[in-house]
Amino acid sequence: MSSEPELPAGAAGPVTATVTRRVKPGHEAAYEEFLADISGAAKAFPGYLGEEVFRPAGGSGGEYRIVYRFDSPAHLRGWLDSSERAAWLNRAEPHVVGPMRTQVLTGLESWFTLPTRPGAPPPPAYKMAVLTWVTIFPLITLVVVVSAPLIGHLPLVPRLAVTTLVTVSLMTWVVMPRVTWLLHRWLYPGRRR
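Cut-offs and rules
- Residues numbered from 1 in each chain as written.
- Predicted model: local features only at pLDDT ≥ 70, side-chain atom pairs only at ≥ 80, totals over all residues.
- Heavy atoms only, no water.
- Helix = DSSP H or I, 4+ residues; strand = E, 2+ residues; numbered from the N terminus.
- Buried < 20%, exposed > 50% of the residue type's maximum accessible area, 1.4 Å probe, protein only.
- Contact = heavy atoms within 4.5 Å.
- Areas by Shrake-Rupley, 256 points an atom, 1.4 Å probe, with all protein chains shown as cover.
- Phe/Tyr/Trp six-rings, centres within 6.5 Å; stacked < 30°, edge-to-face > 60°.
- Bend = angle between axes of the 7 residues up to and from the residue.
- Polar contact = N/O pair within 3.5 Å; in protein donor to acceptor, adjacent residues only side chain to side chain.

Side note on the overall build of the protein
Point 1. Tallying secondary structure elements over the protein gives 6 helices and 4 strands in all.
Point 2. For the protein, the N- to C-terminal ordering of α and β elements is β-α-β-β-α-α-β-α-α-α.
Point 3. Taking all 193 residues of the protein together, the buried fraction comes to 38%.
Point 4. Considering only intrachain contacts with a sequence separation of at least 6, the fraction spanning at least 24 residues in the protein is 74%.
Point 5. Carbon and sulfur atoms provide 65% of the accessible area of the protein, an area that totals close to 10500 Å².

Written out as structure tokens, the structure reads:
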């Protein structure tokens, strides 16, 4: 689709795409049904890692933001360019207004997105680095201590594989969305929520 963003050249590893749509007042139930159906379609694609839906805060109509995660830019591109996705997007058209906005994030910046600020540029790199270290150090320490009785007998490499898998998953889907929201004023000074 021509309105889709270009993936950064040389990108590798997990990638995130955010899609923002404004739903017509009174069409929320139909759009929710559409979301359930397109979610099922996305899950069938190679490399799919999950998604989150951020719904408008009350009222009738409003912006929905859907965050898709894939294991590689190639797999994300396969989903974005698929005829199946295009057909689903056509089915959503009677329930939305305005253009669809899509953004692709490939690195740490995907941890620093605010649902209320879709498309906002990420904070400065030094802030992302500081906040990532301040958050990941206690989290990985906790994961290592808690998992030691369960996996402490394993050799070093498998232990590291388990602890990093748990830590990255927690950082991506639990910790960083909350920390980013709590510290949004420091991360995005001068930007109104």
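There's more to say after this.
Quick notes on the packing of aromatic side chains
Point 1. Within the structure shown, the criterion is met by 6 aromatic pairs.
Point 2. Between Tyr68 and Trp79, the aromatic rings sit 5.9 Å apart at their centres with planes inclined by 55°, giving tilted as the arrangement. Of this pair, Tyr68 sits in strand E3 (residues 62–70) while Trp79 sits in helix H2 (residues 73–80), and the two are 11 residues apart along the sequence.
Point 3. Owing to a relative accessible area of 5%, Tyr68 belongs among the buried residues under this scheme.

A closer look at helix H4 (residues 125–151)
Point 1. Val145 marks where H4 bends most, by close to 25°; the proline Pro149 follows one to four residues later.
Point 2. Burial in H4 covers these residues: Lys127, Met128, Leu131, Thr132, Thr135, Leu139, Val143, Ser147 and Ile151.

As for the side chain of Arg85
Point 1. Looking at where Arg85 falls in the secondary structure, it is placed in helix H3 (residues 83–92).
Point 2. Note on Arg85: relative accessible area 2%, which makes it buried.
Point 3. A polar contact is formed between the side chain of Arg85 and the backbone oxygen of Leu80, at a distance of 3.2 Å.

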